[in-house]
Amino acid sequence: MGMLDELKRLDQELDSELKQTDSLSSLEALRVKMLGKKGQLTALLRSMGSLSAEDRPKFGQLINERRERFTALLDEKQKKMQALEQEMRLKAEQVDVTEPRRLPEVGTPHPNTLVLNEVVDCFTGLGFEVVEGPEVELDHYNFELLNIPKNHPARDAQDTFYIDDNVVLRTHTSPVQARIMTTRKPPIRIICPGRVYRADEVDATHSPVFHQIEGLVIDENISMGDLKATLAAFANRLYGKDIDVRFRPSFFPFTEPSAEVDLTCVSCRGKGCRMCKNTGWIEVLGCGMVNPRVLDMCGIDSKKYSGFAFGIGLERITMLRYGIQDMRLMYEGDMRFLRQFR
Amino acid sequence: MKVSMNLLKKYADILVSPAEYESRMIMTGTGVEGIEDLGEKLQNVVVGRVLTCEPHPDSDHLHVCTVDVGQGEPLQIVCGAPNVAAGQLVAVALIGAVLPGGTIKKGKLRGVESCGMLCSGPEMGVPVELYPSVGEAGILVFNEDHPLGTDVRDIFGLNDRVIDFEILANRPDTLCVWGVARETAAAMNTELHLPEITVKDCGEGDISDFARVEVKDSDLCPRYAARVIKNVRIGESPAWLRQALHAAGMRSINNVVDITNFVMMETGHPMHAFDLSKVRGSHIIVRRAQKGELLRTLDGKDHTLQGGELLICDEQGPTGLAGIMGGEESEITEGTATVLFEAAAFDRTSIRLTARSLGFRTEASGHFERGVSPATVLDGLNRACQLVNELDAGDVVPGIIDLYPEPVQNQPITASVDRINRRAGVCVSGEDMVSILKKLQFDVKLDGDTLTATAPSFRQDVDGEADLCEEVLRYAGYDLIPTTALRGAANGGRSAAMLQNDYARALLSGMGFYETMTFSFLAKKKLEMLNLAEGDDRLNPLPLRNPLGEDSAYMRTTLLCGVLTTAATNMAHGNADVRIYELGKVFDNVHRTEENLPTEKNALCLCAYGPKEDFYSMRVAAEALLARAGVNYVIRENEEPFFHPGRRASLVCGGTVIAEIGEIHPLVMENYELTQRAYAALIDLPALFDCAAPMGHVKPIARFPLVTRDIALVMKNAQPVGPVMEAMKQAAGRMLEDIQLFDVFRGVQVGLGNKSAAFSLAFRAEDHTLTDEEIQRLMNKVLKACKEQFGAEIRA
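Residues numbered from 1 in each chain as written. Chains lettered and ligands numbered in written order. Predicted model: local features only at pLDDT ≥ 70, side-chain atom pairs only at ≥ 80, totals over all residues. Heavy atoms only, no water.

Turning our eyes to something else, we now look at the interface of chain A and chain B. Each partner contributes to the interface: chain A provides 88 residues, whereas chain B provides 84 residues. Summing the contributions of chain A and of chain B, the shared interface buries around 7000 Å²; its carbon and sulfur component is 55%. Its largest share of buried area at the contact with chain B, chain A owes to Pro249, Glu256 and Met335 of chain A, together 9% of the area lost on that side. Linking chain A to chain B there are seven salt bridges. Note that aspartate 463 of chain B is salt-bridged to arginine 293 of chain A, the shortest N-O span being 3.1 Å. For the interface between chain A and chain B, the tally reads 44 residue pairs in polar contact (both at pLDDT 80 or more). For the side of chain A that touches chain B, the leading source of residues is helix α5 (residues 111-125) of chain A, giving seven residues. Tallied by class, the residues present in the side of chain A that touches chain B amount to 39 nonpolar, 24 polar and 25 charged. (Contact = heavy atoms within 4.5 Å. Buried area = accessible area lost by both parts, 1.4 Å probe. Salt bridge = Lys/Arg side-chain N within 4 Å of Asp/Glu carboxyl O. Polar contact = N/O pair within 3.5 Å; in protein donor to acceptor, adjacent residues only side chain to side chain. Helix = DSSP H or I, 4+ residues; strand = E, 2+ residues; numbered from the N terminus. Nonpolar A, V, L, I, M, F, W, Y, C, P; charged D, E, K, R; others polar.)

Structure representation (structure tokens):
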């Protein structure tokens, strides 16, 4: 006896202790107890000196086999326990994924800006350049060069804010066009977004301050067909491919012929609803071929060049786009309104 | 402008449905704002004869009648009117009839079945001017004969639709029934039947025996024409005339006045009728008013004139405002025996300005403001006389006074068929253009490509090829315009200013700010509420000459007022955690441009309030805008009086103030009704971009390790850490990659009046690993600088 029994006992001890081990630390203690420098298997190896020379290698091999077996068993147990322990930790760390948290607040530009960006992207994509000009403007550019002579009804104080006899708050962004026409040579392809002013009292659909986007193209052989295509591109980009454009005869002092532009009602898509008064069309903007007299006044040869111009009311299309019923909301700045846009 | 379809159909054939007609008119340029069916509330009411009328067995005031309505068996109807009697011709509302008060149903009255109702005038809602006896008590009894079963709307002239046309500013010629009829005939391609104007005068005497007219200011009155009617027989107008006026929303007065109103409606020429016996000296003088002259108009109002208004006067003085309203004195009355009809053309601007300055507008002034053609004045005048003949309202005196010193005549326009087509983008043949223009009563000639056209005398808006192009296109159809994409490449894009705004918006959105917009006007008070020092340019805003009110009398010199107002609104509405900004122009009235306009500057103003906000949260938001653009700035003192004096700063680059940040001063909070502390930043975007360093090439990534050293320095409590850190950077040089303040401590341990500030410094060299000795050398320099410049000692 002695050694062989001892080995057998160790086997049994390991098996039983392994079964009882329930933590990585006790497993580690077991490993030390068995395989450590002062462990039982090491002690057994040391005690080999008492064996005969012929038994020694045989026995050494048996002990090494035990060492490999014990190591394998301990490693296997350790792996299992580690997996178990991680599983338990993860379970303990479980959170209520439905518990609410505050979102990081990300702001937005004003609805007017959001729509303006769409419009500007559409026209810059067609080769239009954005040009801006002063809001406090000379009468000369706001009226005179646009074929709205002195004493024209459009100049009435009912409609126009005056600073003095020669200076007004621009009533449209067309004076920017006039400034460009007097300083540049054709071809011209510009849009002029900006604030404009009219002496209207504030209500749901009127405001003394609002925004326009006016466009101007001057080149040789520009026709009303070019104008229609340009505006169709705009309408389709903003409201969808199924939107049609309809021109109706109209009158503006700086264009001839002039047209009022209707789009397929964006609410009912042309079927007829309250918004379009059952006509299937909504009036969106005014446009026309630049009056040759305006070209001549601005120093552009109307025999050689022709052009078109259009004017879009930004608030109007923003209200259509988002279904805003009252324009005052856009200038009040209530967060409950502003937080709705994206 | 409202036009009766019945009247219109006298002059132009309309063979299609109202809806189709409306659409055709809209597409040729005469807008339709609405169509009103005059008889909508009077349906299924017919003429019937009362055959029998017996007292009701169970009532002391009801009658049981049998009524023949011209179809089927007579109807049994119970009637409560005391005036009902057998043999009367009455208005019978049949079962299912619609009246203003509701629908008629079969019913029983005290046990007797009643199959309809006999109507009174008020029950049918018929105005007195349409049928004079409707005002009488009891049921309406027709005194004249009508076939049984006749729809009563035909008798009252209510079987009509009134179309409200939208007349374009350049087409005053269509501001009348004939004008619309001309457009209608052209649009529907039907015959136009305007009446031939012929006047039968009485053959005796001459107008010069009755009246004299003198136009002293013919610049404001290019044409003045008059005719005289004697033996005037004032009376009621016939039904057709009363009905026509009613449909257009006008009241019938008497035959002479009605003629003038009807002619204005028909021809677009406002007329005036004078009682000639009240025109002193029988002498009409047209002249400008002198300052201070007094005038009483027809409506009984007294006016003191500013001078320059065009007046109609007699030898004693003013009797009427030319083209706007006549005088009370020469008004037509029952006793008027001799009438002078005036038809004239007045200067549209003069009429408009006078009407505006006196604060009233009449149908006539409306016509003159839009422009009445001098060329067709006599058509109006003679049409009135023709109607006097027809209505037998008096005897027309031979002769016309017609003062028309400079007759206007439309000149022929030479145009090119090809150019018209190229402008419109369509392809209409020269022949088709001729036929369109002929339909519009132009005088046209075509010679190859050359089109020569003269507009009819009633048109004043056609004076060039572009106008002809529009006429052609209107009738060829705007729908013909194709869509042809723009040709040629063009280099489009956003303006520099727009890109700057885009930059700010993108960053601010990311930082949780929402864009707001407010009006560019403000009350001066709002600026004063900012606590600004006297002499501040911002207290000198640009005033409007005609503001809507005191609240919007000036152009803003800063965005702060609008943004603070928006913040206050949000506080009042209970909105928590608010970050907003506005981007827009501010107007510097003191510094002027070359054109002597105020300087307009693109400004940005941020504002925030809420538990997470403080001075620093606002400062870092502003700093982010500068830093992201590569602006190398320092924090400096700020003295804006609307900020808390201990919580305000400027971000400065090379002497330019780019941003001003602060907590709102309690006084300003109170002024703006801010109920919580709020923080604001004013940012000069153009300056920011002037100072921005353009992005160059990227730097290589450093390969050598970063070494950090923490130090705590004790300094005076009042010592700002900013300059200390700047000095540290200066001293350490380019090896110092980053420096952070991570703690500030105040307590007895560091001495009273002192604070300890802890910094973390990170060093790195591009080309080698820094040694301890090197770092120690750098740290020594840093400590030395801190000690020498700020007396800051390393904390023991």
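The next point concerns the pattern of salt bridges. All told, the structure shown has 72 salt bridges over all chains when counted by the stated rule. Linking arginine 179 of chain A and glutamate 137 of chain A is a salt bridge whose minimum nitrogen-to-oxygen distance equals 2.7 Å. Pair noted here: arginine 179 of chain A is in helix α7 (residues 174-183) and glutamate 137 of chain A is in strand β2 (residues 136-138), with a separation of 42 residues, a long-range link. Residue classification places arginine 179 of chain A among the buried positions, given a relative accessible area of 18%. Residue glutamate 788 of chain B pairs with lysine 784 of chain B through a salt bridge whose shortest N-O separation is 3.9 Å. Of the two residues, glutamate 788 of chain B and lysine 784 of chain B are both situated in helix α21 (residues 772-790); the distance of four residues between them amounts to about one turn of the helix. Just as glutamate 788 of chain B is exposed, lysine 784 of chain B falls in that class too. The structure contains a network of salt bridges with shared partners spanning Arg171, Asp173, Glu183, Arg459, Asp461, Glu471 and Arg474 of chain B. (Buried < 20%, exposed > 50% of the residue type's maximum accessible area, 1.4 Å probe, protein only.)

Here the focus is the confidence of the model for chain A. Where the model shows low pLDDT, its predicted coordinates should not be examined in detail. Looking at chain A, the pLDDT average stands at 91 and 99% of residues meet or exceed 70. Strand β1 (residues 129-130) of chain A holds the highest mean pLDDT among the elements of chain A, 97, whereas helix α3 (residues 40-46) of chain A holds the lowest, 83. (pLDDT = per-residue confidence, 0-100.)

On to the domain arrangement of chain B. All names here are of chain B. Assigned domains of chain B: these are domain 1 (9-32 + 167-188), domain 2 (43-156), domain 3 (207-403), domain 4 (413-480), domain 5 (496-691) and domain 6 (707-794). Between domain 1 and domain 4, the residue contacts involve eleven residues of the former and eleven residues of the latter. For the pair domain 1 and domain 4, the two sides together bury roughly 1000 Å², of which 48% comes from carbon and sulfur. On the domain 1 side of the contact with domain 4, Met27, Arg182 and Ala186 bury the most area, a combined 43% of that side's loss. Seen at the junction of domain 1 and domain 4, the total is one salt bridge. The residue glutamate 183 makes a salt bridge to arginine 474 at a minimum N-O spacing of 2.9 Å. Our count for the contact surface shared by domain 1 and domain 4 stands at four residue pairs in polar contact (both at pLDDT 80 or more). Secondary-structure elements contributing two or more residues to the side of domain 1 that touches domain 4 are α2 (18-27) and α5 (177-188). Take the side of domain 1 that touches domain 4: its biggest share by element is four residues, from α5. Among the residues making up the side of domain 1 that touches domain 4, the classes are represented as four nonpolar, two polar and five charged. (Domains from an automatic or database assignment.)

Our next topic: the state of the cysteines. Under the counting rule described, the total for this entry stands at zero disulfides over all chains. Note on cysteine 653 of chain B: no disulfide assigned, nearest cysteine sulfur contributed by cysteine 691 of chain B at a separation of 3.8 Å. (Disulfide = S-S within 2.5 Å.)

Before going further, it helps to examine the packing of aromatic side chains. Geometrically, a pair of aromatic rings is defined through the distance of the ring centres and the angle of the planes. Residue and element names in this part refer to chain A. Summed over all chains, the structure comprises 20 aromatic pairs over all chains. Taking 5.1 Å as the distance between ring centres and 25° as the angle between the ring planes, the aromatic pair formed by phenylalanine 123 and phenylalanine 310 counts as stacked. Within this pair, whereas phenylalanine 123 is found in helix α5, its partner phenylalanine 310 is found in strand β10 (residues 306-313), the two being separated by 187 residues in sequence. In terms of burial, phenylalanine 123 and phenylalanine 310 fall into one category: buried. Taken together, Phe123, Phe128, Phe234, Phe308 and Phe310 form an aromatic cluster joined through their ring pairs. The residue whose ring lies beneath lysine 228 is phenylalanine 247, and the NZ or CZ to ring-centre distance is 5.5 Å. The lysine or arginine in question, arginine 321, covers the ring of tyrosine 322, its NZ or CZ lying 5.0 Å from the ring centre. (Phe/Tyr/Trp six-rings, centres within 6.5 Å; stacked < 30°, edge-to-face > 60°. Lys NZ or Arg CZ within 6 Å of the ring centre and 35° of its normal.)

Moving on to the sheet that holds strand β6 (residues 209-219) of chain A. Residues and elements named next belong to chain A. With mixed pairing, seven strands are arranged side by side in an open sheet as β1-β5-β6-β10-β9-β8-β7. Of all the strands in the sheet, just β1 and β7 (245-252) have a single pairing partner and so form its edges. Sheet topology note: the β1/strand β5 (residues 188-197) ladder contains two bridges and is parallel. Within β5, the position partnered with valine 130 by the bridge is isoleucine 191. (Pairing = 2+ DSSP bridges.)

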